[in-house]
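Structure at a glance
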Amino acid sequence: MDELLNVKYDVASGDFIRGGEASSNIKKLLQQLGVRNDIIKRICVACYEAEMNIVIHSVGGYIEAKVFSDRIEITAFDNGPGIENIDLALQEGYSTASNLAREMGFGGGMGLPNIKRSCDEFYIDSKVGEYTKIKIIVYLK
Ligand SMILES: Nc1ncnc2c1ncn2[C@@H]1O[C@H](COP(=O)(O)OP(=O)(O)OP(=O)(O)O)[C@@H](O)[C@H]1O
Ligand SMILES: [Mg+2]
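Remember, predicted model here, so these are calculated numbers, not experimental data. (Residues numbered from 1 in each chain as written. Chains lettered and ligands numbered in written order. Predicted model: local features only at pLDDT ≥ 70, side-chain atom pairs only at ≥ 80, totals over all residues. Heavy atoms only, no water.)

Description of the sheet that holds strand 4 (residues 121-127)
Across the sheet, which stays open at both edges, the five strands sit in the order 1-2-3-5-4 with antiparallel pairing between neighbours. Lying at the two open borders of the sheet, with one neighbouring strand each, are strand 1 (3-11) and strand 4. Each adjacent strand pair in this sheet contributes to an overall mean axis angle of 10°, direction not counted. The pairing of strand 4 with strand 5 (residues 131-139) spans seven bridges and is classified as antiparallel. Paired with Phe122 across the strands is Ile136, a residue of strand 5. Relative to the sheet, helix 2 (residues 37-57) contacts strand 1, strand 2 (61-68), strand 3 (71-78) and strand 5, its axis offset from that of strand 3 by approximately 5°. (Pairing = 2+ DSSP bridges. Helix = DSSP H or I, 4+ residues; strand = E, 2+ residues; numbered from the N terminus. Axes fitted to C-alpha atoms, helices over the stretch in contact; angles between N-to-C directions. Contact = heavy atoms within 4.5 Å.)

Focus: the packing of aromatic side chains
Per the stated rule, a full pass over the model turns up three aromatic pairs. An aromatic cluster is present here, built from Tyr62, Phe77 and Tyr131 joined pairwise through their rings. The lysine or arginine in question, Lys8, covers the ring of Tyr62, its NZ or CZ lying 4.2 Å from the ring centre. Lying over the aromatic face of Phe68, Arg71 brings its terminal NZ or CZ to 3.9 Å of the ring centre. (Phe/Tyr/Trp six-rings, centres within 6.5 Å; stacked < 30°, edge-to-face > 60°. Lys NZ or Arg CZ within 6 Å of the ring centre and 35° of its normal.)

Remarks on the site of ligand 1
Near ligand 1 lie 19 residues; those nearest to it are His57, Asp78, Ser95, Thr96 and Gly107. A distance of 3.1 Å separates an oxygen atom of ligand 1 from a polar atom in the backbone of Gly111. For ligand 1, the accessible surface in isolation is 600 Å², of which the surrounding protein chains cover 94%. Elements with a minimum of two residues in the shell around ligand 1: helix 2 and helix 5 (111-118). Among the residues making up the shell around ligand 1, the classes are represented as seven nonpolar, ten polar and two charged. (Near = heavy atom within 4 Å. Polar contact = N/O pair within 3.5 Å; in protein donor to acceptor, adjacent residues only side chain to side chain. Areas by Shrake-Rupley, 256 points an atom, 1.4 Å probe, with all protein chains shown as cover. Nonpolar A, V, L, I, M, F, W, Y, C, P; charged D, E, K, R; others polar.)

Structure below.
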């Protein structure tokens, strides 16, 4: 396939210092590739929210970015605890964030709704006790 870029960053659970680094690295790479700013913005919103969800809610995982000639795909995967009720998790304002995460400014329950809004295609798959996987696609034209 016409894959122009394929990068993968590990994301650690509870690491508020490094949380966000994967997204900012991906942003730089997209800028270097000359991707349009409005598209970078949409990707970065989704990527950052997915990354911070791994930091805040999971035991750790990774963010992967793939650039093709016609689209950008971001995959966020983590190894649990998974989401029991995905419909509920997608509702604005729903959050199970810890007190610590709330003190750090997270827990508004807006991450997943913002991810969904910012992309052209959104896929979420999760199994309780096993994993959560989010994939988003933004088209370049
Ligand atoms: N990777 C994940 N693993 C397990 N649960 C998750 C994961 N991502 C989201 N969730 C669940 O879905 C809920 C909603 O997520 P969302 O990102 O919309 O809000 P939030 O992270 O709680 O707050 P905000 O994103 O506004 O800081 C979370 O509170 C959590 O219960
Ligand atoms: Mg969130």
